[in-house]
Every structure is written in C-alpha cells, then in structure tokens.
Amino acid sequence: MERDPIFLPFQLKNFRLKNRLGVAPMTRMSSPGDSIPRQDVLEFLVRRARNGAALVYTEAIVTDYESAQGYPGQARLVTQSQIEAWRPVVKAIREAGAVSVMQMFHCGRVAWPEINPARRVIAPSPLAPRDLNPLTGKPYPVPDEMSRFDIEHVILGFVETARGAVAAGFDGVEIHAAHGYLISQFLSSYSNLRTDIFGGTVNNRFRLLHEIIQAVAPVIPDERLLTVRISDWGVVDMNVSLFGTQTEYQEVISLLSREPIDAVSVSTYDYQNKAFNTDKNMAQITRGATSLPIFICGKIYDRSTTEDALQDADVALSAKSMLLNPKWVEEVRQGKVLPLYTSEEANIAYTSLTQIPHSHNWQGTLVLADCYFTRHGNNLQDLQKKF
Ligand SMILES: Cc1cc2nc3c(=O)[nH]c(=O)nc-3n(C[C@H](O)[C@H](O)[C@H](O)COP(=O)(O)O)c2cc1C
C-alpha cells in the first residue's frame with residue numbers, strides 16, 4: 001500500500017487521482033492561425049500525464065471572439081476543428097491514467113485590442129491597469145465599462161467553450177477567476193467601481209462569477225468536474241492584494257462553496273507566504289472557509305515544498321517545474337535536489353512566437369523568445385525535443 005503522502009490517491013468526485021501532483025494551467029501562445037495549439041504543445045500535456053502527473057490542466061482557453069483574448073496566439077475550443085484537435089489529446093491523457101481539465105478565461109482589461117478579432121477591451125469599470133503591458137511596453141487601453149449585454153455575451157462565451165470541452169471529452173472544466181483577469185476584476189474593489197448589482201458589496205462583485213458558474217454547470221455532465229481558480233494577486237499591478245482582507249477573501253470562498261463546483265484551485269506567488277497580515281498561508285485561509293477540495297500552486301518545486309504544501313491542500317499543482325523538468329514527478333518521488341525555476345526560464349513556453357510574422361506588432365513577445373534562444377544557443381527543433 002502507498003505510504004508516501006504525495007503519492008496517495010485522492011478521490012475527486014468520481015475521479016480517483018493517482019497522486020497529489022498536477023500540471024498547472026500554462027498559456028503557450030502557440031496558436032496564431034487556427035486557435036489550435038501547436039502539436040508539440042498538445043503532446044507536452046500527454047507526456048506529462050505519461051510521466052506521472054495525476055491531473056493535467058490546459059492553457060487558458062479564450063472564451064469568445066470579441067474581447068476575451070489577452071495574449072497573441074491563444075487557443076479556443078468552439079469550432080469543430082478545434083474540438084477535433086483536442087480529442088486525441090484528452091484520450092491519451094486518460095489512457096495515461098490522468099484526469100484532464102480545460103481552463104477557460106476572459107482577460108478583461110488585461111488586453112491589447114490589436115489581438116482581438118473585434119478589437120474591443122471591456123472590464124467592470126473604465127479603469128486601465130497602472131502597469132504598462134510588459135509585452136508591448138505600452139499602456140493598456142482604458143476599457144469600456146461592460147453593459148448588461150456585454151455581461152450576457154461574456155457568459156455565453158464561457159458556456160460555448162465549456163460545451164467545446166465536453167465535446168472534446170475533457171474530464172472537467174475550470175473557470176479562471178484568478179490573476180486579475182475579467183472575473184477577478186469583478187471580484188476585486190481595486191478594479192470594480194460599479195454601482196449596479198455587479199459592484200459594491202462582496203455579493204454583488206461575486207455575481208458575475210455566480211452567473212457564469214450557474215450557466216456553465218448545466219452543460220457539464222454530472223460525472224465530470226467543474227473547478228474555479230482564484231488568487232489574491234494579478235499579473236498586472238502585481239503588488240496589490242485583490243481582496244485586501246482575510247474577511248473579504250473568506251466571504252468570497254464561502255460564496256464559492258455554495259456553488260456547484262468540485263474544487264477551488266488557489267494560485268499564489270509562493271505557497272508559503274503568509275497572507276493578509278496573518279500568520280497563515282493562502283491554503284490555510286482558504287481551508288478556514290470551505291470544505292471543498294483545495295489545489296495549491298506557487299513555488300512548489302521539490303519533495304520538501306510539495307509535502308509542506310500538501311499539509312494544507314489536497315493537490316499540489318506546478319507550472320514551471322512541470323514545464324522545464326519532464327521527470328519532475330519521478331524526481332519528487334526520489335527526493336532529488338531540484339531547482340526553483342525563474343519566470344525567465346519559463347519563457348521557453350512561448351518559443352513558437354518566433355514563427356509568427358513580424359507584421360503583427362508582437363515584437364515584445366518575440367524578444368522574450370529570442371532572448372531565450374540567444375542565451376541558450378538553442379533552436380526550436382532542439383527545444384521541442386528536449387521538453
Ligand atoms: C508559461 C506560463 C504560463 C502560464 N499560464 C497560465 C494560464 O494560462 N492560466 C493560469 O491560471 N495560470 C497560468 N500561469 C500561472 C501558473 O499556473 C502558476 O500559477 C504559476 O506559474 C506559479 O506556479 P509555479 O511556481 O509552479 O510556476 C502560467 C505560468 C507560466 C510559467
């Protein structure tokens with residue numbers, strides 16, 4: 001019988017996860033033409049499943065063709081060809097004994113209009129982030145304040161994308177409500193200044209997420225999973241605490257607990273960090289407000305950090321270690337000394353952008369990828385083999 005706490009199975013609704021390790025969602029920006037990830041990016045997910053990950057999240061899939069896309073080359077999952085492309089991936093992940101979950105997102109104000117087919121930027125309130133767009137070096141545009149029509153359109157985008165995931169055979173769907181993207185912008189009074197039923201009180205700011213969950217849940221067959229990802233930090237204006245206080249964060253988690261979801265995935269910058277001026281980390285604070293399964297992520301990179309993180313959570317997700325070390329799961333089992341990778345090292349995720357024509361004004365991102373090549377003297381084919 002398995003005695004290693006990291007490799008104990010975990011019962012997640014109808015799914016028995018074979019261990020407590022999962023691949024965190026990672027945007028790869030490899031789908032510039034047809035919104036279908038490049039083959040090696042799809043195969044990466046299968047390889048990680050074969051190498052022992054129990055749970056495999058996709059990159060954030062964009063939910064609509066108007067305003068949802070936040071980065072160049074993101075994937076979608078609504079057309080027949082997009083669904084067909086994912087089907088064998090999902091099947092192979094299942095055959096490897098892992099559970100697949102499609103994450104879907106709307107970027108809200110963290111957007112560059114050039115990359116959205118309808119060139120529209122929308123958010124709860126007409127407020128741009130303070131930070132510049134790190135990929136273009138330019139300010140983010142001031143978004144349009146969302147109308148009720150916009151809200152309904154956004155909800156339909158989540159529903160259609162969830163339908164796509166169900167058709168492709170995914171075991172589950174995740175609503176991305178973290179990292180300062182659209183849903184997170186509604187949840188936080190930092191970006192939501194609305195005075196209607198979608199702003200003001202915590203209940204009102206939670207309303208968009210509530211409506212999305214209520215609309216998405218019915219299209220997901222009973223036996224499959226619905227998870228929600230949440231964080232107190234955003235990818236822009238990173239130092240801002242989006243919930244501000246433990247009380248407010250726990251109120252949101254309590255509201256989430258009443259929804260028909262199967263797990264809450266807590267994303268942190270570092271799982272060990274004490275949150276909201278307390279002596280507790282985010283997983284502990286989340287546990288204080290829910291009995292839902294908790295997934296934790298953020299600087300979990302070796303046996304000791306994994307074991308420690310699992311004291312307060314049920315499953316540990318890793319992004320950078322899963323990306324950069326194909327043998328990560330096995331090496332965690334062995335207790336090998338492993339590196340804590342930097343975000344710069346993870347830029348390997350975006351190598352495909354070297355293949356995007358320069359006419360798209362995406363040089364910022366191209367530079368990220370080019371830097372990696374220059375520094376490591378590699379070429380794309382070698383890198384694809386390596387990872
Ligand atoms: C290349 C890359 C792409 C990412 N894309 C997403 C994404 O699409 N959705 C998401 O929720 N988080 C995304 N993240 C955040 C990770 O899921 C994770 O929360 C973060 O990297 C911290 O975990 P780590 O310390 O194990 O890397 C991304 C991270 C990286 C490195």
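Residues numbered from 1 in each chain as written. Predicted model: local features only at pLDDT ≥ 70, side-chain atom pairs only at ≥ 80, totals over all residues. Heavy atoms only, no water.

1. Examining the overall build of the protein
Turning to step 1, where the next piece is worked out: Looking only at helices and strands, the protein features twelve helices and twelve strands.
Turning to step 2, where the next piece is worked out: Relative to the globule expectation of 21 Å for 387 residues, the C-alpha radius of gyration of the protein, 19 Å, shows essentially globular dimensions.
Turning to step 3, where the next piece is worked out: The principal-axis extents of the C-alpha atoms in the protein amount to approximately 55 × 50 × 40 Å.
Turning to step 4, where the next piece is worked out: With 387 residues in all, the protein has 61% of them scored as buried.
Turning to step 5, where the next piece is worked out: A separation of at least 24 residues holds for 70% of the contacts in the protein among residues at least 6 apart in sequence.
Turning to step 6, where the next piece is worked out: Of the roughly 15,300 Å² that the protein leaves accessible, carbon and sulfur atoms contribute 51%. (Helix = DSSP H or I, 4+ residues; strand = E, 2+ residues; numbered from the N terminus. Rg over C-alpha atoms; globule rule 2.2 N^0.38 Å. Buried < 20%, exposed > 50% of the residue type's maximum accessible area, 1.4 Å probe, protein only. Contact = heavy atoms within 4.5 Å. Areas by Shrake-Rupley, 256 points an atom, 1.4 Å probe, with all protein chains shown as cover.)

2. Remarks on the pairing of strand E8 (residues 172-176)
Turning to step 1, where the next piece is worked out: Burial analysis of E8 places five of its five residues in the buried class, which makes it a mostly covered element.
Turning to step 2, where the next piece is worked out: By the bridge criterion, four bridges tie strand E5 (residues 99-105) to E8 in an arrangement that is parallel. Residue pairing across strands places methionine 104 opposite isoleucine 175, the latter belonging to E8. (Pairing = 2+ DSSP bridges.)

3. So, the site of the ligand
Turning to step 1, where the next piece is worked out: Residues in contact with the ligand amount to 19 residues; listed here are only the nearest, Pro25, Thr27, Gln103, Arg229 and Lys299.
Turning to step 2, where the next piece is worked out: A distance of 2.9 Å is found between an oxygen atom of the ligand and a backbone nitrogen or oxygen belonging to alanine 319.
Turning to step 3, where the next piece is worked out: For the ligand, an oxygen atom lies 3.0 Å from a polar atom in the side chain of lysine 320.
Turning to step 4, where the next piece is worked out: Protein contacts shield 89% of the accessible area of the ligand, which totals 600 Å² for the unbound molecule. (Near = heavy atom within 4 Å. Polar contact = N/O pair within 3.5 Å; in protein donor to acceptor, adjacent residues only side chain to side chain.)

4. Some points on the sheet that holds E5
Turning to step 1, where the next piece is worked out: As summarised here, the arrangement of the eight strands in space is E3-E4-E5-E8-E9-E10-E11-E12, forming a closed barrel in which the pairing is parallel. Strand-to-strand twist of the sheet, defined as the mean angle between neighbouring strand axes without regard to direction, takes the value 25°.
Turning to step 2, where the next piece is worked out: Across the sheet, helix H1 (residues 39-50) lies against strand E3 (21-23) and strand E4 (55-62), angled at about 160° from E4, the strand it touches most. (Axes fitted to C-alpha atoms, helices over the stretch in contact; angles between N-to-C directions.)

5. Looking at the nonpolar core
Nonpolar side chains in soluble globular proteins tend to end up buried together.
Turning to step 1, where the next piece is worked out: Core analysis: the largest hydrophobic core is formed by 93 residues, its most contacted members being Ile175, Leu209, Val216, Ile230 and Leu256.
Turning to step 2, where the next piece is worked out: The element contributing the most residues to this core is helix H3 (residues 148-168), with nine residues. (Core = buried A, V, L, I, M, F, W, Y, C linked by side-chain atoms within 4.5 Å.)

6. Observations regarding helix H6 (residues 246-257)
Given 3.6 residues per helical turn, the α-helix brings residues three or four places apart onto the same face.
Turning to step 1, where the next piece is worked out: Compared with the 16 Å implied by 1.5 Å per residue over twelve residues, the 16 Å span of H6 between its first and last C-alpha is a close match.
Turning to step 2, where the next piece is worked out: Buried residues belonging to H6 abut helix H4 (182-187), helix H5 (202-216), strand E9 (225-231), strand E10 (263-267) and helix H7 (282-287). (Expected span 1.5 Å × (residues − 1).)

7. Structural notes on the pattern of salt bridges
Turning to step 1, where the next piece is worked out: Evaluation of the coordinates by the stated rule reveals 19 salt bridges.
Turning to step 2, where the next piece is worked out: Here lysine 13 makes a salt bridge to aspartate 262, at a shortest N to O gap of 3.5 Å. Within this pair, whereas lysine 13 is found in the loop between strand E1 (10-12) and strand E2 (15-17), its partner aspartate 262 is found in the loop between H6 and E10, the two being separated by 249 residues in sequence.
Turning to step 3, where the next piece is worked out: Classification of aspartate 262 as buried rests on a relative accessible area of 14%.
Turning to step 4, where the next piece is worked out: Salt-bridge contacts for arginine 38 lead to aspartate 40; the nearest nitrogen and oxygen are separated by 2.4 Å.
Turning to step 5, where the next piece is worked out: Via salt bridges that share partners, Glu66, Arg120, Asp144 and Asp150 belong to a single interconnected network. (Salt bridge = Lys/Arg side-chain N within 4 Å of Asp/Glu carboxyl O.)

8. Focus on the side chain of aspartate 302
Turning to step 1, where the next piece is worked out: Tracing the chain through its elements places aspartate 302 in the loop between strand E11 (294-297) and helix H8 (303-309).
Turning to step 2, where the next piece is worked out: The buried charged residue aspartate 302 lacks any salt bridge, with arginine 303 as its nearest oppositely charged partner at 8.6 Å.
Turning to step 3, where the next piece is worked out: A distance of 2.6 Å separates a polar atom in the side chain of aspartate 302 from a polar atom in the side chain of threonine 305.
Turning to step 4, where the next piece is worked out: When neighbours within four sequence positions are excluded, aspartate 302 is seen to be in contact with Trp328, Val332 and Leu338. (Lys, Arg positive; Asp, Glu negative; His and termini not counted.)

9. Structural notes on the environment of valine 266
Turning to step 1, where the next piece is worked out: Note that valine 266 resides in strand E10.
Turning to step 2, where the next piece is worked out: In this structure, the C-alpha to C-alpha distance between valine 266 and cysteine 297, residues 31 residues apart in sequence, is 6.5 Å.
Turning to step 3, where the next piece is worked out: If near-sequence neighbours (up to four positions away) are discounted, valine 266 is found in contact with Ile230, Tyr249, Met282, Thr286, Ile294, Phe295, Ile296 and Cys297.

10. Topic: unusual backbone geometry
Turning to step 1, where the next piece is worked out: Even without glycine at this site, methionine 29 takes up a positive phi of about 50°.
Turning to step 2, where the next piece is worked out: In the Ramachandran plot, phenylalanine 276 falls in the positive-phi region, its phi being about 50° despite a non-glycine side chain.
Turning to step 3, where the next piece is worked out: Following the sequence through the fold, phenylalanine 276 ends up in the loop between E10 and H7.
Turning to step 4, where the next piece is worked out: Phenylalanine 276 gets classed as buried once you look at its relative accessible area, which sits at 13%.

11. Topic: the packing of H3 against H5
Turning to step 1, where the next piece is worked out: At a minimum axis separation of 9 Å, H3 and H5 run at an interaxial angle of 40°. As judged from the angle between their axes, H3 and H5 are oblique. For the pair H3 and H5, the crossing hand works out as right-handed. Contact residues: Arg148, Ile151, Ile155, Phe158, Val159 and Ala162 in H3; Leu208, Glu211, Ile212, Ala215 and Val216 in H5.
Turning to step 2, where the next piece is worked out: Residues of the contact of H3 with H5, tallied by class, amount to nine nonpolar, no polar and two charged. (Parallel < 35°, antiparallel > 145°, perpendicular 65-115°, else oblique. Left-handed = near helix turned anticlockwise from the far one by under 90°. Nonpolar A, V, L, I, M, F, W, Y, C, P; charged D, E, K, R; others polar.)

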